[in-house]
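What the coordinates show
Residue-level listing of the chains:
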Amino acid sequence: SAVISQKPSRDICQRGTSLTIQCQVDSQVTMMFWYRQQPGQSLTLIATANQGSEATYESGFVIDKFPISRPNLTFSTLTVSNMSPEDSSIYLCSVVSTGLNEKLFFGSGTQLSVL
Amino acid sequence: AQTVTQSQPEMSVQEAETVTLSCTYDTSENNYYLFWYKQPPSRQMILVIRQEAYKQQNATENRFSVNFQKAAKSFSLKISDSQLGDTAMYFCAFMNTGGGNKLTFGTGTQLKVEL
């Protein structure tokens with residue numbers, strides 16, 4: 001399986017600010033995703049991070065709020081913009097490794113608290 | 001759209017005993033994958049087991065096995081010889097073949113293994 005490093009592991013932020021979360025994989029991966037897990041809830045897909053092009057967002061998520069970059073096959077960032085307390089969640093990066101089709105692996109997540 | 005239902009919010013089992021977690025799903029697709037993920041307090045999402053819908057044989061990974069009933073759209077997880085380290089939230093997930101490797105998750109079952 002791929003080794004996925006996600007930073008920061010946790011952060012406490014003020015309302016109105018932005019936070020960028022980084023996801024680094026130790027090998028080239030075919031697909032990268034960002035999920036959100038609200039407190040006590042299941043995981044919801046935010047978007048697919050596309051290498052070299054704009055991310056593909058799921059219903060209910062927009063680029064202005066969650067801009068995503070993927071400059072290469074091993075790295076992606078998710079920014080949570082203009083944060084409010086409702087953005088307090090765990091954000092998880094997920095990848096599909098080359099040669100391990102249809103097996104998704106997850107980073108350790110970023111615990112975000114917005115005051 | 002696919003839906004995944006886990007009807008047991010919480011379960012407990014004695015150490016060394018066997019426990020079964022339930023999952024049902026709804027889809028009009030014929031080809032898909034089903035997964036069980038484990039999330040301990042560390043937040044890490046750990047892939048436990050994976051089942052391809054076209055395979056009739058139930059997947060097995062050491063102490064973990066599934067009972068896949070395609071006609072009934074049921075996908076239960078059996079944990080044998082439960083260990084304290086199995087204490088975690090367990091999520092059932094669905095992926096449509098050709099659907100861009102996107103996962104749809106159930107609401108989870110909190111499993112507690114007791115001495």
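Preceding this section is the structure that the text describes.
Residues numbered from 1 in each chain as written. Chains lettered and ligands numbered in written order. Predicted model: local features only at pLDDT ≥ 70, side-chain atom pairs only at ≥ 80, totals over all residues. Heavy atoms only, no water.

**Considering the state of the cysteines**
Residue and element names in this part refer to chain A. Scanning all chains against the criterion turns up two disulfides over all chains. Here Cys-23 connects covalently by a disulfide to Cys-93, the sulfurs 1.9 Å from one another. An S-S torsion of about -65° defines the bridge between Cys-23 and Cys-93 as left-handed. Residue Cys-23 is found in strand S3 (residues 19-25), and its partner Cys-93 is found in strand S9 (residues 89-97); the two are separated by 70 residues along the sequence. Of the two residues, Cys-23 and Cys-93, neither departs from the other in class, the shared state being buried. Not part of a disulfide, Cys-13 finds its nearest cysteine sulfur in Cys-23, a span of 18 Å. (Disulfide = S-S within 2.5 Å. Helix = DSSP H or I, 4+ residues; strand = E, 2+ residues; numbered from the N terminus. Buried < 20%, exposed > 50% of the residue type's maximum accessible area, 1.4 Å probe, protein only.)

**Re the pattern of salt bridges**
Under the criterion given, the structure shown has six salt bridges over all chains. When the shortest N-O distance is used, the salt bridge between Glu58(A) and Lys102(B) registers 3.0 Å. One end of the pair, Glu58(A), is in the loop between strand S6 (56-57) and strand S7 (68-72); the other, Lys102(B), is in the loop between strand S10 (88-96) and strand S11 (104-105), on a second chain. Here Glu58(A) falls in the partly exposed class, since its relative accessible area comes to 22%. Note on Lys102(B): relative accessible area 30%, which makes it partly exposed. For Lys73(B), the salt bridge identified is with Asp26(B), shortest N-O distance 3.7 Å. Highlighted residues: Lys73(B) in the loop between strand S8 (64-69) and strand S9 (74-79) and Asp26(B) in strand S4 (residues 24-26), separated in sequence by 47 residues. Asp26(B) sits in the partly exposed class, given a relative accessible area of 42%. Via salt bridges that share partners, Arg50(B), Glu52(B) and Lys55(B) belong to a single interconnected network. (Salt bridge = Lys/Arg side-chain N within 4 Å of Asp/Glu carboxyl O.)

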